[in-house]
Amino acid sequence: MSARWVDVVLVKAGRTKIRYPAEVVSDDGTLLTVRAAWAGGAVRDFGFVRFEPGDVFTEHYGRDRWYSVKEVRAADGTLKGWYCDITRPAVVGAAEVVVEDLDLDLWVSADRTRVLRLDEDEFAASGLADRDPAAAARAVQALDALEALARQGSALR
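Rules used in this analysis
- Residues numbered from 1 in each chain as written.
- Predicted model: local features only at pLDDT ≥ 70, side-chain atom pairs only at ≥ 80, totals over all residues.
- Heavy atoms only, no water.
- Helix = DSSP H or I, 4+ residues; strand = E, 2+ residues; numbered from the N terminus.
- Buried < 20%, exposed > 50% of the residue type's maximum accessible area, 1.4 Å probe, protein only.
- Contact = heavy atoms within 4.5 Å.
- Areas by Shrake-Rupley, 256 points an atom, 1.4 Å probe, with all protein chains shown as cover.
- Salt bridge = Lys/Arg side-chain N within 4 Å of Asp/Glu carboxyl O.
- Phe/Tyr/Trp six-rings, centres within 6.5 Å; stacked < 30°, edge-to-face > 60°.

Enquirer: Would you take a moment to explain the overall build of the protein for this structure?
Expert: Secondary structure assignment for the protein yields 3 helices and 11 strands. Reading the protein from its N end, one meets helices and strands in the order β-β-β-β-β-β-β-β-β-β-β-α-α-α. Here the C-alpha coordinates of the protein stretch approximately 45 × 35 × 30 Å along the principal axes. Burial analysis of the protein (157 residues in total) assigns 42% to the buried set. Summarising the internal contacts of the protein: among those between residues at least 6 apart in sequence, 44% fall at separations of at least 24. Per element, the accessible surface of the protein, about 8000 Å² overall, is 51% carbon and sulfur.

Enquirer: Any chance you could explain the environment of Asp64 here in plain terms?
Expert: By the element assignment, Asp64 lies in the loop between β6 (56-62) and β7 (67-73). Residue Asp64 is classed as exposed on the basis of its relative accessible area, which comes to 54%. As for Asp64 and Ala134, which are separated by 70 residues in sequence, their C-alpha atoms are 15 Å apart. Setting aside its immediate chain neighbours within four residues, Asp64 contacts Thr30 and Pro89.

Enquirer: Any chance you could explain the environment of Glu96 here in plain terms?
Expert: Mapped onto the fold, Glu96 is located in strand β10 (residues 96-109). Look at Glu96 and you get partly exposed, because its relative accessible area is 30%. Measuring from C-alpha to C-alpha, the distance between Glu96 and Gly81 comes to 25 Å, with 15 residues separating the pair along the chain. Sequence-distant contacts of Glu96, that is, excluding residues within four places in its chain, are made with Val6, Asp7, Val9, Arg19 and Val91.

Enquirer: I tried to follow the pattern of salt bridges on my own but got confused; where do I start?
Expert: Pairing between side chains of opposite charge can happen when their charged atoms approach one another. All chains considered together, the criterion is met by 18 salt bridges. Residue Arg19 pairs with Glu96 through a salt bridge whose shortest N-O separation is 3.2 Å. With a gap of 77 residues between them, Arg19 in strand β2 (residues 15-27) and Glu96 in strand β10 connect regions that are remote in the sequence. Arg19 sits in the partly exposed class, given a relative accessible area of 45%. In this structure, Asp55 engages Lys80 in a salt bridge whose closest nitrogen and oxygen atoms are separated by 2.8 Å. Separated by 25 residues along the polypeptide, Asp55 in the loop between β5 (50-51) and β6 and Lys80 in strand β8 (residues 79-87) bring together distant segments of the chain. Residue Asp55 is classed as buried on the basis of its relative accessible area, which comes to 1%. According to the relative accessible area criterion, Lys80 is buried, its value standing at 17%. In the salt-bridge network here, residues are joined through shared partners; they are Asp45, Arg50, Glu52, Asp55 and Lys80.

Enquirer: What is the right way to read the packing of aromatic side chains from this model?
Expert: Describing an aromatic ring pair means giving the distance of the ring centres and the angle of the ring planes. Per the stated rule, a full pass over the model turns up 10 aromatic pairs. Ring geometry for Trp38 and Phe57: centres 5.8 Å apart, planes at 20°, overall stacked. With Trp38 in the loop between β3 (31-37) and β4 (44-45) and Phe57 in strand β6, this residue pair connects regions lying 19 residues apart in the sequence. Grouping residues by exposure puts Trp38 and Phe57 together as buried.

Here you go:
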């Protein structure tokens with residue numbers, strides 16, 4: 001049986017931010033899990049983590065939740081941590097999974113000593129709270145829930 005591949009499409013403000021191929025690991029009808037190589041090309045140093053060629057992302061996309069979780073491992077398999085995007089629920093088709101980025105993010109280091117809320121200023125500047133207050137509230141709730149899970153040591157996926 002050959003591997004099934006999909007394109008992951010991250011949309012922000014109505015435009016495609018990035019598109020990359022990913023291998024489907026599992027799909028139970030609610031949660032899609034894919035694996036992909038770092039799609040950014042060059043090294044991206046965030047200060048708290050570096051994403052670089054050879055890194056492998058195991059990504060979890062829920063059709064019913066307002067976030068996605070990306071487990072990040074170095075080329076040698078060492079866990080770097082989890083990058084969580086706050087998004088609208090994933091739209092999964094036969095050939096692609098589309099998620100709309102809502103600007104909020106959470107980083108959780110592998111040892112869980114660093115749990116960082118990211119891009120709250122971008123979220124505020126996006127105007128989502130004015131355009132779609134219900135979606136903005138869901139986004140903040142999702143960020144709060146993920147942060148609580150991370151601080152409790154619960155599984156992130």
